Amino acid sequence: MADLTTLYAGLKLRNPIIVSSSGLVDSVAKIKKIEAAGAGAVVLKSLFEEQINHEAGRMMTDNAYPEAADYILNYSRSNSVDQYLDLIENVKKEVNIPIFASINCVSDTDWIGFASKMQAAGADGLELNIFILPVDGNSSTVYEEQYFKLVEKVRNTIDIPLIIKMSSYFTNILYMVNKLYAIGANAVVMFNRLYEPDINIEEMKMTSAEVFSSPSDLRQTLRWISLVSDRQKDIQLSASTGVHDYKAIVKLLLAGASTVQVCSVLYKNGVDHLTQMIGDLETWMDSRNMESVDMMRGKMSYRNHKDPGIWERSQFMRYFSNRD
Ligand SMILES: Cc1cc2nc3c(=O)[nH]c(=O)nc-3n(C[C@H](O)[C@H](O)[C@H](O)COP(=O)(O)O)c2cc1C
């Protein structure tokens, strides 16, 4: 029987499959079910930094969007910061798998002190989902510095593992990962799935595009896990976005991920689907004589390509020049 254990952000997980931050992971009852279905760990639903600042009496008073302030106010009423700490405490009493708290943030303001409360409540680690949308034409370095300042401050606030969930919209992802590691991140999640707008052309208004991913979204994740795992071996990588079956999990472990996160597929098929995915992963490993996740990890990363940029370019030329 294959050994599925894996090391992630310094913690030993019974298998590499993590249920990612979402409404699937916002109560003790749901998390107990997820543990029973076999997950290696869970990331709790995120608190927004605005909620934390709001409860600390520092709501954005100059908010240009009153409806955003209303939303935060209403959301805060039913998802208070204290409730979040209670959730961490209660879930730690009832389940054995690691529990990562999660904060969705943009700035290095007062909310950061709250991270130490999450640590005190018993979180095994903290995942920061940093969501900054540049809209003012500044150089990318301005935004990158914003990330680094924020991460440095949180790192100086807590001792538990710190994980950064990043988006794929960076000029140089490897630079970002290297730097995040240098300033104390223990792991990186690649990638977050950002809010995507759509336009309803009948009603002439902005709407939200589909929130769930599709299997084809895996390609972006796969490329960057393959590339970064080969060039930055000190930091552990968690692959997220587009993982809909065990084959995607196999690919991402071969590409070099330490863990793989799932969300949309569980919304579609229910959390019991985890059991099937883990069983299928095990069956594949046994059929290939892959004795452990460690043995698989990185076997198919970009390590066989001296310059992945040139290799990808040559694949592109070969692929498209033969088409009419
Ligand atoms: C309904 C829903 C709620 C989500 N809520 C959060 C959240 O609170 N915090 C977060 O970091 N990501 C959140 N996400 C993003 C997921 O954790 C995940 O990164 C994204 O869906 C991509 O993974 P997938 O392809 O497996 O769905 C949410 C996703 C969905 C579909």
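Higher on the page you've got the structure.
Thresholds applied
- Within each chain, residues carry numbers counting from 1 in the order of the written sequence.
- Where local features are concerned, this predicted model is filtered to residues with pLDDT of at least 70; where side-chain atom pairs are given and counted, the filter is 80 or more; whole-chain, interface and lining totals use all residues.
- The basis for every side-chain value is the complete set of heavy atoms in the structure, and neither hydrogens nor water enter the calculation.
- Helix and strand definitions follow DSSP, with helices as H or I runs of at least four residues and strands as E runs of at least two, each counted in order from the N terminus.
- Working rule for contacts: check all heavy atoms of both residues, and any pair within 4.5 Å makes them a contact.
- Definition of nonpolar core: a set of buried residues of the types Ala, Val, Leu, Ile, Met, Phe, Trp, Tyr and Cys, connected through side-chain atoms within 4.5 Å.
- Categorising residues by exposure relies on relative accessible area from a 1.4 Å probe, with only protein chains included: less than 20% of the type maximum marks a residue as buried, more than 50% marks it as exposed, and the intermediate range marks it as partly exposed.
- Only protein atoms enter the calculation, which uses a 1 Å grid: trapped sets of points that fit a 1.4 Å probe without letting it out are cavities, open sets showing protein on both sides within 12 Å along at least five of seven lines are pockets, and any residue with an atom within 4 Å of a point is a lining residue.
- Grid points are joined across faces, edges and corners, and a volume is the space filled by probe spheres set on the points.
- Classification used: nonpolar for Ala, Val, Leu, Ile, Met, Phe, Trp, Tyr, Cys and Pro, charged for Asp, Glu, Lys and Arg, polar for all others including Gly.
- Helix span, expected: 1.5 Å multiplied by one less than the number of residues in the helix.
- For this analysis, a polar contact is any N or O atom pair within 3.5 Å, provided that within protein one partner can donate a hydrogen and the other can accept it, and provided that sequence-adjacent residues contribute only side-chain to side-chain pairs.
- Note on method: axes are straight lines fitted to C-alpha atoms, helices fitted across the in-contact stretch only, with angles between N-to-C directions ranging 0 to 180 degrees.
- By the definition adopted for this analysis, an angle is roughly parallel if under 35 degrees, roughly antiparallel if over 145, roughly perpendicular if from 65 to 115, and oblique otherwise.
- Here a crossing is taken to be left-handed if its near helix is turned anticlockwise relative to the far helix by less than a right angle, and right-handed if that turn runs clockwise.
- Only heavy atoms are used to decide nearness, and a residue is near a molecule or strand if one of them lies within 4 Å of it.
- Only the protein chains shown count as cover for residues, and all accessible areas are computed by the Shrake-Rupley method using a 1.4 Å probe.
- Any two strands with at least two DSSP bridges between them are considered paired.
- Whether a crossover is right-handed comes down to one check: with the strands pointing away from the viewer, does the path from the first strand over the helix to the second run clockwise; if it does, it is right-handed.
- Residues qualify for a patch when their relative accessible area is over 30% and they have no salt bridge, like charges being joined within 9 Å and the nonpolar side chains of Val, Leu, Ile, Met, Phe, Trp and Tyr within 5 Å.
- Criterion for a salt bridge: a side-chain nitrogen of Lys or Arg within 4 Å of a carboxyl oxygen of Asp or Glu.
- We count Lys and Arg on the positive side and Asp and Glu on the negative side, and we leave His and both chain ends out.
- In this description, the location of a charge corresponds to atom NZ of lysine, CZ of arginine, CG of aspartate or CD of glutamate.

Caption draft 1: Molecular detail of the environment of Ile278. Tracing the sequence through the fold places Ile278 in helix H11 (residues 273-287). Beyond its immediate stretch of four places on either side in the chain, Ile278 contacts Leu4, Asn15, Ile17, Ala37, Gly38 and Ala39.

Caption draft 2: Here's a closer look at unusual backbone geometry. Look at the link from Met190 to Phe191: it is a cis peptide, with omega at 10°. With respect to the helices and strands, Phe191 occurs in the loop between strand S9 (187-190) and strand S10 (197-200). Positive phi outside glycine occurs at Ala9, with the angle close to 50°. For Ala9, the location among the structural elements is in the loop between strand S1 (6-8) and strand S2 (11-13).

Caption draft 3: Representation of the nonpolar core. Ranked by internal contacts, the top residues of the largest apolar core, which has 89 residues, are Met118, Leu126, Leu128, Val154, Met166, Met190 and Leu274. Here the element with the most residues in this core is helix H9 (residues 246-255); it accounts for seven residues. Not counting residues up to four positions away in its chain, the partners in contact with Met190 are Met166, Ile173, Val177, Thr221, Trp224, Ile225, Val228, Leu237, Ser238, Ala239 and Ser240. With 10 residues, the next largest nonpolar core counts Leu13, Ile18, Val43 and Ile163 among its residues.

Caption draft 4: Representation of the layout of surface pockets in the model. Approximately 250 Å³ is the volume found for the second largest pocket. Ser229, Lys233, Gly256, Arg297 and Gly298 are the residues nearest the centre of the second largest pocket, which is lined by 14 residues in total. Among the elements of the structure, helix H8 (218-231) and strand S12 (236-239) are those that each provide at least two residues to the lining of the second largest pocket. Per-class residue counts for the lining of the second largest pocket are two nonpolar, seven polar and five charged.

Caption draft 5: Representation of helix H13 (residues 308-321) in the model. Helix length check: H13, at 14 residues, gives a terminal C-alpha distance of 19 Å against a target of 20 Å (1.5 Å per residue), a fit within 8%. Sitting at the head of H13, Asp307 places a side-chain oxygen 2.9 Å from the backbone nitrogen of Gly309.

Caption draft 6: Representation of the packing of helix H7 (residues 173-182) against H8 in the model. Interaxial distance between H7 and H8 falls to 10 Å at its minimum, and their mutual angle equals 50°. Taken together, the axis directions place H7 and H8 in an arrangement best described as oblique. Crossing of H7 over H8 shows right-handed handedness. Every residue of H8 that contacts H7 at Ile173, Leu174 and Val177 is listed here: Trp224, Val228 and Arg231.

Caption draft 7: Layout of the site of the ligand. Contacts to the ligand come from 18 residues, most closely from Ser21, Ser46, Asn129, Ser213 and Ser264. In the environment of the ligand, an oxygen atom lies 2.6 Å from a nitrogen or oxygen atom belonging to the side chain of Asn129. A distance of 2.9 Å separates an oxygen atom of the ligand from a polar atom in the backbone of Cys263. Protein contact buries 87% of the 610 Å² of open area that the ligand shows by itself. Counted by class, the shell around the ligand contains five nonpolar, 10 polar and three charged residues.

Caption draft 8: Expanded view of the pairing of strand S8 (residues 162-166). The element S8 is extensively covered by neighbouring structure, given that five of its five residues are classed as buried. Of the two faces of S8, the one holding Leu162, Ile164 and Met166 and the one holding Ile163 and Lys165 are both buried throughout. Inspection of the sheet shows strand S7 (residues 125-130) paired to S8 by four bridges, in the parallel sense. Across the sheet, Leu126 pairs through a bridge with Leu162, a residue of S8. Taken together, S7, helix H6 (residues 140-155) and S8 constitute a β-α-β crossover, and its handedness is right-handed. Pairing analysis gives four bridges linking S8 to S9, with the strands arranged parallel. Across the sheet, Ile164 pairs through a bridge with Val188, a residue of S9. Between the parallel pair S8 and S9, the chain is carried across by H7, and the sense of this crossover is right-handed.

Caption draft 9: Geometry of a nonpolar patch on the surface. Residues Phe316, Met317, Tyr319 and Phe320 make up a contiguous nonpolar surface patch of about 440 Å² in total accessible area. Summarising the element assignment, Tyr319 is placed in helix H13. On the accessibility criterion, Tyr319 (45% relative accessible area) is partly exposed.

Caption draft 10: Up close: a negative patch on the surface. Together, Glu55, Asp82, Asp86 and Glu89 make up a region of like negative charge exposed at the surface. The dominant element in the negative patch, judged by the number of residues it contributes, is helix H4 (residues 81-94), at three residues. Take Asp86: it is sitting in helix H4.

By themselves these figures say nothing about function.
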